[in-house]
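Listed below are the residues making up each chain.
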Amino acid sequence: MNEYLCHDFKTPRTDTSRRLPSSFRAIPVIFYVALVGSAYVMTMDYFGYKRALKQKTDAEERQKVSEASTEAFRKEKGDLEAEATKAEKVAEWMEGARNIQPIAVKIARAVQADTRITQVALERNEQVPSNIALTIHLNGSKVSTELAAIESALGQLLYRSYSPQQTKNGDVVEYHSTLVRQAD
């Protein structure tokens, strides 16, 4: 081989570029610290994700329970509203029967002791609720005077008889009339 080439390898060479500053020695340390830090963040994110999934399933279970209880409350509310509607209808019926009660009392008080009432029927007309159909079955000797007393007693309550009819079957007199409320 050539002596010159061999000699060239053995001679010391001067550096053509400067050395890196000593602060650059921290770069590998920073790299490994960043690597450990990112591993820590990723691990904590993974555990946080698992915790979030568990919280989500717990929240969904609580939502199902609350929806079930809400549905139960709605059903109970519907039942209560149905009962309230029934109660209102009963109250309306009682309110409608209120003006029939004095009529029945007046009829009972107008009849003398020797005359018997075998049947009294008071029915409201659906088309005109202020009109009441009256049917009385009387048994006794002075039935015609009793019917006049009943009509005068009903007149005190501002009712007048419209189209009264009487039929006699033996000792029983059947009286039909429509009671019409008079204006004050």
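Here the structure is shown first, and the text comes after it.
My aim in this report is to walk through the structure given alongside it, one point at a time. Values in this document were obtained by computation on a predicted structure and should not be read as measured data.

### A look at the overall build of the protein
For the protein, the helix and strand inventory stands at four helices and four strands. Along the protein, helices and strands appear, N-terminal first, in the series α-α-α-β-β-α-β-β. Pairs at least 24 residues apart make up 50% of the contacts formed inside the protein by residues separated by at least 6 positions. As displayed, the protein offers around 15,100 Å² of accessible surface, 57% of which is attributable to carbon and sulfur atoms.

### Remarks on helix 4 (residues 143-156)
With 14 residues, helix 4 ought to run about 20 Å at 1.5 Å a step, and its terminal C-alpha atoms sit 20 Å apart, in line with that. Buried residues in helix 4 make contact with helix 3 (100-110), strand 2 (132-139), strand 3 (159-169) and strand 4 (172-181). Phi for Leu 158, located one or two positions after helix 4, is positive at around 70 degrees.

### A look at the side chain of Asn 131
By secondary structure assignment, the location of Asn 131 is in the loop between strand 1 (116-124) and strand 2. Those residues within four positions of Asn 131 in sequence are excluded, and the remaining contacts are Glu 123, Arg 124, Asn 125, Thr 178, Leu 179 and Val 180.

### Quick look at the pairing of strand 3
The sheet contact formed by strand 3 and strand 4 spans nine bridges and is antiparallel. Bridging from a neighbouring strand, Ser 161 pairs with Leu 179 of strand 4. Where strand 3 folds back onto strand 4 in an antiparallel hairpin, the turn is made up of two residues, including Gly 170, whose phi is positive at roughly 70 degrees.

### Side note on the sheet that holds strand 4
The four strands are arranged 1-2-4-3 in an open sheet whose pairing can be described as antiparallel. Edge positions in the sheet fall to strand 1 and strand 3, since each of these pairs with one other strand and no more. Across this sheet, the average inter-strand angle for adjacent strands is 15 degrees, counted without regard to direction. On top of the sheet, helix 3 reaches strand 1, strand 2, strand 3 and strand 4; it is set at about 160 degrees to strand 1, its chief contact.

### A look at helix 3
Among the residues of helix 3, Ile 100, Ile 103, Ile 107 and Ala 110 are the ones counted as buried. Angularly, the buried residues of helix 3 cover 95 degrees about the axis, an arc narrow enough to put them on a single face.

### Thoughts on the pairing of strand 4
Two strands pair when backbone bridges link them, and strand 2 and strand 4 are joined in this way by eight bridges, in the antiparallel orientation. Bridged to His 137 within strand 4 is Glu 174.

### Some points on the nonpolar core
The nonpolar side chains of a soluble globular protein tend to be buried with one another. Within the largest apolar cluster, 19 residues are counted, with the highest numbers of intra-cluster contacts made by Ile 103, Ile 150 and Leu 154. Contributing elements (two or more residues each) for this core: helix 3, strand 2, helix 4 and strand 4. If one sorts the elements of this core by residue count, helix 4 sits on top with five residues. Excluding its chain neighbours within four sequence positions, the residues that come into contact with Leu 154 are Ile 103, Ile 107, Leu 134, Tyr 159 and Leu 179.

### Overview of unusual backbone geometry
Residues other than glycine predominantly adopt negative phi, and peptide bonds predominantly adopt the trans conformation. Despite not being glycine, Leu 158 has its phi angle at roughly 70 degrees, a positive value. Here Leu 158 lies in the loop between helix 4 and strand 3. Residue class for Leu 158 comes out partly exposed when judged on its relative accessible area of 28%. The backbone of Ser 163 sits at a positive phi, close to 60 degrees, despite the residue not being glycine.

The rules behind the values
Residues numbered from 1 in each chain as written. Predicted model: local features only at pLDDT ≥ 70, side-chain atom pairs only at ≥ 80, totals over all residues. Heavy atoms only, no water. Helix = DSSP H or I, 4+ residues; strand = E, 2+ residues; numbered from the N terminus. Contact = heavy atoms within 4.5 Å. Areas by Shrake-Rupley, 256 points an atom, 1.4 Å probe, with all protein chains shown as cover. Expected span 1.5 Å × (residues − 1). Pairing = 2+ DSSP bridges. Axes fitted to C-alpha atoms, helices over the stretch in contact; angles between N-to-C directions. Buried < 20%, exposed > 50% of the residue type's maximum accessible area, 1.4 Å probe, protein only. Arc of directions from axis to C-beta. Core = buried A, V, L, I, M, F, W, Y, C linked by side-chain atoms within 4.5 Å.

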